[in-house]
Amino acid sequence: MAAPVRSLLKSRPSLLRTAVPAIRFSSTSSKSVSLKERLAELIPAEIENVKATRAEHGKKAFGPVVVDQLYGGMRGLPALIWDGSVLDAEEGIRFRGKTIPECQALLPKAPGGSEPLPEALFWLLVTGEVPTQEQVTELSKDWAARSAIPEFVEEILDRCPPTLHPMSQFSLAVTALNHDSAFAKAYQAGVSKKEYWGPTFEDSMDLIAKLPNIAGRIYRNVFGQGKLPAIDPSKDYSHNLATLLGFGENHGFVELLRLYLTIHSDHEGGNVSAHTGKLVGSALSDPFLAYGAALNGLAGPLHGLANQEVLIWLRKMQAKIGEDASDEAVKEYIWSTLKAGQVVPGYGHAVLRKTDPRYTAQREFALKHLPEDKLFKLVGQIYNLVPDILLEAGKAKNPWPNVDAHSGVLLTYYGLDQMQFYTVLFGVSRAFGVAAQLIWDRALGAPLERPKSYSTAAIQKIFKDKS
Ligand SMILES: CC(C)(COP(=O)(O)OP(=O)(O)OC[C@H]1O[C@@H](n2cnc3c(N)ncnc32)[C@H](O)[C@@H]1OP(=O)(O)O)[C@@H](O)C(=O)NCCC(=O)NCCS
C-alpha cells in the first residue's frame, strides 16, 4: 500500500470500513490488452503490496475476539482478506471502491441498454479498473466461445428428476465440470506454486462461461420449456442467458438480468457462498469443486434461497388476505409469520444495518419499468410495515430489507415465475465474485484455511484459570 494511503488510513480509520481498492484505477488499459494479460501485469505489484502490509502490520492485534463470537457464527470477526468488494454496515456494498450507482454510471453497457454489463463488473473485480467497451465485448465473445458443456454433464442434468431442486442440479453439474479442470491437470503435472493463478484463471473463465448452458438446461428440463437454443457469440452474456431461458426477445428482461447479475456478484468475503468458495479453494480444490460447494451454501434459506422464500411468502399472503389488502391485514399477516417462529424472508442481514442498496437498485428499476405492478406495490407496502414490526418484536438487529426482498418480484413481472429457479440466477452471478477471489488467492499464494475450534469445557477452563 502506498505511503499516502497508509497515512490517510491512520488519520481516518473509518475509511477501512469502506473500500480502499488495493489496485488503483489506471488508464493504461489499452484495447489490445486482454483480461489475463492485464492481470499478469498487476499480480507482481500486489504480491509486493501484501508483503509490505504484512511486514508493517503483520504482528499487530486487529480487533478483539470475544467468546460470544465463537458461539455466534463468528459475526464481525476480522478473519479474511478480499479486495474485490467491501461491505459497510451503513452504506452497503462497494465493488473495488465503487457503489452500485457508480458502477451503473461508469461500467460499459450494451448498445441500447442502460444497465451495466456483468462482464464489466467481472473485469472491475479482477483488476480494479473500469474496462473499455471493446474489452467487455472481447470478454463476451471469449465466454461465448467457452460456453459449451461436456455431453456427460448434459446427461447428468437430463437424468435428474424434475423434483430435484434446481440448486442441487446446479451444484452437481458445476462439480462435474472438474473433469476438465486446467488447474487439477496442472497440479498433477507438478505446476509451480507461482503459476497456480494461470490455470485457476482459465478454469474460472470456463466456469462463468458454462453457467448459462447449465442454468438454461435445468430451467428447460424442470419447467418443460422446450429445446435449448444455442449461444450467440455476437451477444452479451446476459442476453445469451435470457435467450437460453426463453426471454431473449424481451428487452426489459435482458436489462433486468444485466442489473441482477451485476449486483448479486459479490458481497465481500465473509458471506456463506463467498467464504465457502474461498475455504474449499484453499485446499487447492479447483474452481469447479470450490464453486460447487459455494452453491450448496447459497442454496440455504438464510442465504440465497431467501429470494425463493420471499415469493412463496408473498403468494401465501395474497392467497390468505387478497391482492389489495389493507395495511392492517398485511401487518397481521407479518405478525402471524413471526408468531409461528418463522423469519420474515428478505429482511435482516448479518452485516448491514440499513436498507440494502441492492434492494434500492431493484426498486428503482421497478419504478422505471413496472410502477403499476401489483406485486411491486405489495413489496412497497411491506417495506413500509416490516421494519417497525421487526423493531417491535425486538430480536432482529437489522429490520431493513435485503437484496432478496425485491428480486423475485421483478423476475415474476417478466414471466419468470418459477420461484424454485430464482437462486440459480443468484448462483450464476455469485460465480463472478467467487471466481475473482479464487484467482487472486492463488496469485497471492493464500494458505490453507484452518481456524482453531475450542470445546465449551476448554473455554470454561481458560477463564477459570484466569480468575
Ligand atoms: C439474514 C439473517 C440470516 C441474519 O442473521 P443474524 O445475523 O443472525 O441476524 P440477527 O443477529 O439480527 O438475529 C437475531 C435474531 O433476530 C432474528 N431475525 C433476524 N432477521 C429476522 C427476520 N427477517 N425475521 C424474523 N426474525 C429475524 C434471528 O432469527 C435471531 O433470532 P434468534 O435470536 O431467535 O435466533 C436473518 O436476518 C434472517 O434470517 N433473515 C431472513 C432470511 C433472509 O432474508 N436471508 C437473506 C439474507 S441476504
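The model shown is predicted, which means the values in this text are computed figures rather than measured ones. (Residues numbered from 1 in each chain as written. Predicted model: local features only at pLDDT ≥ 70, side-chain atom pairs only at ≥ 80, totals over all residues. Heavy atoms only, no water.)

Student: I tried to follow the overall build of the chain on my own but got confused; where do I start?
Tutor: Secondary structure assignment for the chain yields 21 helices and 2 strands. By the compact-globule yardstick of 23 Å for 467 residues, the chain fits well, its C-alpha radius of gyration being 22 Å. When burial is assessed residue by residue, the chain has 51% of its 467 residues classed as buried. As displayed, the chain offers around 21400 Å² of accessible surface, 56% of which is attributable to carbon and sulfur atoms. Charge centroids of the chain, computed over 51 positive and 50 negative side chains, lie 7 Å from each other. (Helix = DSSP H or I, 4+ residues; strand = E, 2+ residues; numbered from the N terminus. Rg over C-alpha atoms; globule rule 2.2 N^0.38 Å. Buried < 20%, exposed > 50% of the residue type's maximum accessible area, 1.4 Å probe, protein only. Areas by Shrake-Rupley, 256 points an atom, 1.4 Å probe, with all protein chains shown as cover. Lys, Arg positive; Asp, Glu negative; His and termini not counted. Charge placed at Lys NZ, Arg CZ, Asp CG, Glu CD.)

Student: Help me out: how do you make sense of the pattern of salt bridges in this one?
Tutor: Between side chains of opposite charge, a pair can form as their charged atoms come close. Applying the stated criterion across every chain yields a total of 23 salt bridges. With its nearest N and O atoms 3.3 Å apart, the salt bridge here joins D232 to K235. A relative accessible area of 26% places D232 in the partly exposed class. With its nearest N and O atoms 3.6 Å apart, the salt bridge here joins E328 to K331. (Salt bridge = Lys/Arg side-chain N within 4 Å of Asp/Glu carboxyl O.)

Student: Explain the UniProt feature "active site" (unreviewed entry) in the chain to me, please; I cannot follow it from the model alone.
Tutor: Mapped onto this structure's residue numbering, the UniProt feature "active site" (unreviewed entry) falls at H303, H349 and D404. Their sequence span is 102 residues, while the largest C-alpha to C-alpha distance among them is just 10.7 Å; these annotated residues converge on one region. Considering the arrangement of structural elements, one finds H303 in the loop between α14 (287–298) and α15 (306–321). Every residue in contact with H303, bar those within four places of it in the chain, is listed here: N271, V272, S273, G297, L298, D404 and R430. Checked against the element boundaries, D404 lands in helix α19 (residues 404–413). Apart from the residues within four sequence positions on either side, D404 is in contact with H303, G304, A306, N307, V310, G346 and F426. (UniProt positions renumbered as here; feature names shortened; annotations may be inferred. Contact = heavy atoms within 4.5 Å.)

Student: Just checking my understanding: could you explain the site of the ligand for this structure?
Tutor: Around the ligand lies a shell of 19 residues, among which V344, G346, Y347, K395 and K397 are the nearest. Between N402 and the ligand, the recorded distance is 3.0 Å, taken from a side-chain N or O atom to an oxygen atom. The class makeup of the residues in the shell around the ligand is 10 nonpolar, 5 polar and 4 charged. (Near = heavy atom within 4 Å. Polar contact = N/O pair within 3.5 Å; in protein donor to acceptor, adjacent residues only side chain to side chain. Nonpolar A, V, L, I, M, F, W, Y, C, P; charged D, E, K, R; others polar.)

Student: Honestly, the pairing of strand β2 (residues 92–95) in this entry has me stumped. Any pointers?
Tutor: The side chains of a regular strand alternate between both faces of the sheet. The pairing of strand β1 (residues 85–88) with β2 spans 4 bridges and is antiparallel. Following the sheet pairing, V86 is matched in β2 by R94. (Pairing = 2+ DSSP bridges.)

Student: Just checking my understanding: could you explain unusual backbone geometry for this structure?
Tutor: Unlike most non-glycine residues, E268 shows phi in positive territory, near 55 degrees. Mapped onto the secondary structure, E268 falls in the loop between α12 (251–263) and α13 (272–282). The backbone of L284 shows a phi angle near 65 degrees, a positive value even though the residue is not glycine. Mapped onto the elements, L284 comes out in the loop between α13 and α14. Exposure remark for L284: the relative accessible area of 25% places this residue in the partly exposed category.

Student: I tried to follow the packing of aromatic side chains on my own but got confused; where do I start?
Tutor: Here the distance between the centres and the angle between the planes together describe a pair of aromatic rings. Tallied over the full model, the rule gives 17 aromatic pairs. Between F183 and Y196, the ring centres sit 5.4 Å apart and the planes meet at 75 degrees, which makes this aromatic pair edge-to-face. Taken together, the residues span a long stretch of sequence, with F183 in helix α9 (residues 182–188) and Y196 in the loop between α9 and α10 (197–223) at a distance of 13 residues. A single burial state applies to F183 and to Y196, both of which are buried. Sitting above the plane of the Y454 ring, K452 keeps its charged end 5.1 Å from the centroid. (Phe/Tyr/Trp six-rings, centres within 6.5 Å; stacked < 30°, edge-to-face > 60°. Lys NZ or Arg CZ within 6 Å of the ring centre and 35° of its normal.)

Student: What should I look at first to understand the packing of helix α11 (residues 237–245) against helix α20 (residues 422–443) in this one?
Tutor: Helix packing for two helices is described by the angle between their axes and how far apart those axes are. Packing of α11 against α20 leaves a shortest axis separation of 13 Å and a crossing angle of 155 degrees. One way to sum up the angle between α11 and α20 is to call them roughly antiparallel. The handedness of the crossing between α11 and α20 comes out as right-handed. Note on element contacts: α20 touches α11 through L425, V428 and F432, opposite Y237, L241 and L245. Grouping the amino acids of the contact of α11 with α20 by side-chain chemistry returns 6 nonpolar, no polar and no charged. (Axes fitted to C-alpha atoms, helices over the stretch in contact; angles between N-to-C directions. Parallel < 35°, antiparallel > 145°, perpendicular 65-115°, else oblique. Left-handed = near helix turned anticlockwise from the far one by under 90°.)

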